[in-house]
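Fold and geometry: a report
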Amino acid sequence: MVRAGHNVEHVSTRHLDFESCYLAVSACDPRFDGRFYTAVTSTGIYCRPVCPARTPARKNVRFYRHAASAEAAGFRPCRRCRPELSPGAPGWDVRADLVGRALRLIGDGEADDHGVSGLARRLNVTERHLHRLFVAELGTGPLAVARTRRLLLAKQLLTETHLPIADVAFASGFGSVRQFNAAMKESYGFAPGDLRKTTGAVGAVPRPCLAPHGLTLRLHYRGPYDAAALFRYLAARAIPGTESVTWPAGESAESGEIGQDAGGRPTYLRAVPGGWIALVPVADHIRLTVRTADTRQLARIVARCRRLLDLDADPEAITSALGATSLGPLVAERPGLRVPGAFDGFELAVRAVVGQQISVAGARTLLGRIAARAGTAVTAPPGDEVTPVTLLFPTADRLAAADLTGLGLTTRRVGTLRALAEEVAAGRIDLDGAEDVPETVAKLLRLPGIGPWTASYVALRALGDPDAWPGGDLVLKRTMQCLGIPAEHAERWRPWRAYAALHLWNASTGPAAARDI
């Protein structure tokens with residue numbers, strides 16, 4: 001590891017500190033994985049900081065903040081450490097600036113679907129201004145970043161699955177097989193088929209990753225990672241028909257840590273267009289299984305699963321900041337606690353509105369009724385088995401037009417849901433990260449029936465704001481009072497107040513399923 005007292009934040013600044021980066025590479029320090037990439041001029045290869053290869057000489061090393069920056073400079077990804085497996089850089093969610101929001105949308109496939117011009121329109125800036133900001137921050141433009149994301153996902157699919165090359169091309173976001181082949185040859189110097197022929201010799205990943213019931217990929221994160229707490233949280237709130245969390249026989253969402261054997265792990269299931277996905281915590285990663293008739297949405301699914309499970313968080317920075325405060329004992333007890341995110345921002349906002357002033361179980365029941373009334377049935381892939389997830393949660397336009405009477409919702413709550421759905425459907429509110437968080441929160445607060453708690457909860461889970469703080473939450477207030485923590489201490493927890501809230505919620509009395517959060 002890097003020497004004691006070494007400041008992790010040195011490598012998250014706009015200009016990378018060479019000495020800090022080189023020390024991290026020399027130590028193969030996993031805390032720095034995804035924060036920067038090491039390019040070696042003598043080999044033309046760029047690597048992750050955790051690459052097991054021999055540390056290159058200082059004179060041959062260059063450091064880049066993003067994989068796209070290294071590729072734009074002419075370097076190819078290492079086949080040994082595989083940069084496509086790096087967790088995302090954690091600093092962008094903290095900054096939440098325009099480049100950070102653009103990177104989130106690129107990961108969600110916005111540039112693949114609508115081009116850089118469409119990406120700029122979504123962000124309400126000119127294409128030229130967006131390009132200028134990317135070059136200033138990353139050394140390359142958004143088009144190159146989107147292309148690198150496609151190439152790295154394709155590389156992972158070629159290495160870890162037996163998916164046909166044509167399907168790999170479309171699943172990773174390319175418009176045609178010809179375009180895919182040309183991009184691979186231009187950037188990496190070999191054709192897709194050449195990489196697949198040599199994957200058995202690489203030895204980095206076993207090949208049998210095409211599961212009997214779906215395509216399987218690994219989603220990596222920075223440890224420690226408290227998967228048990230996060231999956232318990234999701235289990236208590238799973239919307240019937242849309243999502244489900246199953247636990248091994250003899251265990252439940254209220255039980256302790258996740259077992260080490262294959263039968264001791266929970267499984268999160270969720271309906272997606274054309275099929276379903278499954279997420280299972282396995283050793284040092286999350287196993288994602290995708291069973292869908294349309295693999296073109298794979299990149300979007302991967303990005304949204306990473307946000308749902310908060311896989312790009314930086315536990316080292318969070319623990320360092322919160323551990324030195326009045327939350328120290330709680331942080332030491334659960335250093336890998338993560339903030340549960342959202343697979344779909346609008347769905348989470350509906351959940352927040354429905355859950356106002358009722359129990360988690362009550363909100364879950366109502367959400368299941370909404371999904372059954374206004375959702376869309378999923379057509380399972382041919383030959384698929386029966387799954388408990390068969391409904392897509394209604395989109396904003398479907399919910400805005402739906403009849404929500406007779407579901408157990410109050411007239412006022414129905415009015416709030418309709419107003420929210422109409423604003424999102426019209427594009428006046430964006431809940432998938434394109435807008436500045438304070439701007440989105442301000443728009444939510446202008447809607448009837450949405451107050452500070454609801455808006456903060458949406459910011460915390462849907463918008464991925466690590467500093468969101470639902471200060472009016474009664475559970476937080478009671479827990480802080482029981483622990484003797486003054487209310488003003490919350491200011492000391494910036495910019496990680498969302499994680500502080502999770503530690504306090506987790507410390508409150510009673511099982512997670514019974515808490516009104």
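In short, a report on the structure. Source: prediction; values computed, not measured. (Residues numbered from 1 in each chain as written. Predicted model: local features only at pLDDT ≥ 70, side-chain atom pairs only at ≥ 80, totals over all residues. Heavy atoms only, no water.)

**Side note on the packing of helix α15 (residues 345–354) against helix α16 (residues 360–374)**
In contact at an axis separation of 9 Å, α15 and α16 are set at 130° when each is read in the N-to-C sense. When the axis of α15 is compared with that of α16, the two are oblique. Two packed elements cross with a definite hand, and for α15 against α16 that hand is right-handed. Touching Val 350, Arg 351 and Val 354 of α15 are Ala 363, Leu 366, Leu 367 and Ile 370, all from α16. Looking at the contact of α15 with α16 residue by residue, the class counts come to six nonpolar, no polar and one charged. (Axes fitted to C-alpha atoms, helices over the stretch in contact; angles between N-to-C directions. Helix = DSSP H or I, 4+ residues; strand = E, 2+ residues; numbered from the N terminus. Parallel < 35°, antiparallel > 145°, perpendicular 65-115°, else oblique. Left-handed = near helix turned anticlockwise from the far one by under 90°. Contact = heavy atoms within 4.5 Å. Nonpolar A, V, L, I, M, F, W, Y, C, P; charged D, E, K, R; others polar.)

**Re the pairing of strand β8 (residues 267–272)**
Of all six residues making up β8, six are buried, and the element is well covered by its neighbours. Taken together, the four bridges between strand β7 (residues 243–246) and β8 define a ladder with antiparallel strand orientation. Residue pairing for β8: Ser 244 is matched across the bridge by Leu 269. Pairing analysis gives five bridges linking β8 to strand β9 (residues 275–282), with the strands arranged antiparallel. Bridge pairing in β9 places Arg 270 opposite Ile 277. Here β8 hands over to β9 after two residues, with Gly 274 in that stretch at a positive phi of 85°. (Buried < 20%, exposed > 50% of the residue type's maximum accessible area, 1.4 Å probe, protein only. Pairing = 2+ DSSP bridges.)

**Some details on the pattern of salt bridges**
For the structure on display, the rule yields 32 salt bridges. Here Arg 300 makes a salt bridge to Asp 113, at a shortest N to O gap of 2.5 Å. On the criterion of sequence distance, the pair formed by Arg 300 in helix α12 (residues 298–308) and Asp 113 in helix α5 (residues 110–122) is long-range, its members being 187 residues apart. Residue Asp 113 is classed as partly exposed on the basis of its relative accessible area of 46%. In the salt-bridge network here, residues are joined through shared partners; they are Arg 82, Glu 84, Lys 155, Glu 160 and Arg 218. (Salt bridge = Lys/Arg side-chain N within 4 Å of Asp/Glu carboxyl O.)

**Quick look at helix α6 (residues 127–138)**
With twelve residues, α6 should cover 16 Å at 1.5 Å per step; its first-to-last C-alpha distance of 16 Å lies within 8% of that length. Those residues of α6 that fall on the buried side of the exposure criterion are Leu 130, Phe 134, Glu 137 and Leu 138. Axial view of α6: buried residues confined to an arc of 75°, hence all on one face. Two residues or fewer after α6 comes Gly 139, characterised by a positive phi angle close to 85°. (Expected span 1.5 Å × (residues − 1). Arc of directions from axis to C-beta.)

**A short note on helix α11 (residues 227–237)**
For α11, the buried fraction is high: eleven of the eleven residues fall into the buried class. Turning to α11, its buried residues are Ala 227, Ala 228, Ala 229, Leu 230, Phe 231, Arg 232, Tyr 233, Leu 234, Ala 235, Ala 236 and Arg 237.

**Examining unusual backbone geometry**
Between Gly 223 and Pro 224 the backbone carries a cis peptide bond, its omega angle lying at 0°. With respect to the helices and strands, Pro 224 occurs in the loop between β6 (214–220) and α11. A cis amide bond, omega 0°, links Arg 494 with the succeeding residue Pro 495. One non-glycine residue, Arg 82, lies in the positive phi region at around 55°. Since its relative accessible area comes to 1%, Arg 82 is described here as buried.

Read these as spatial facts, not as claims about activity.
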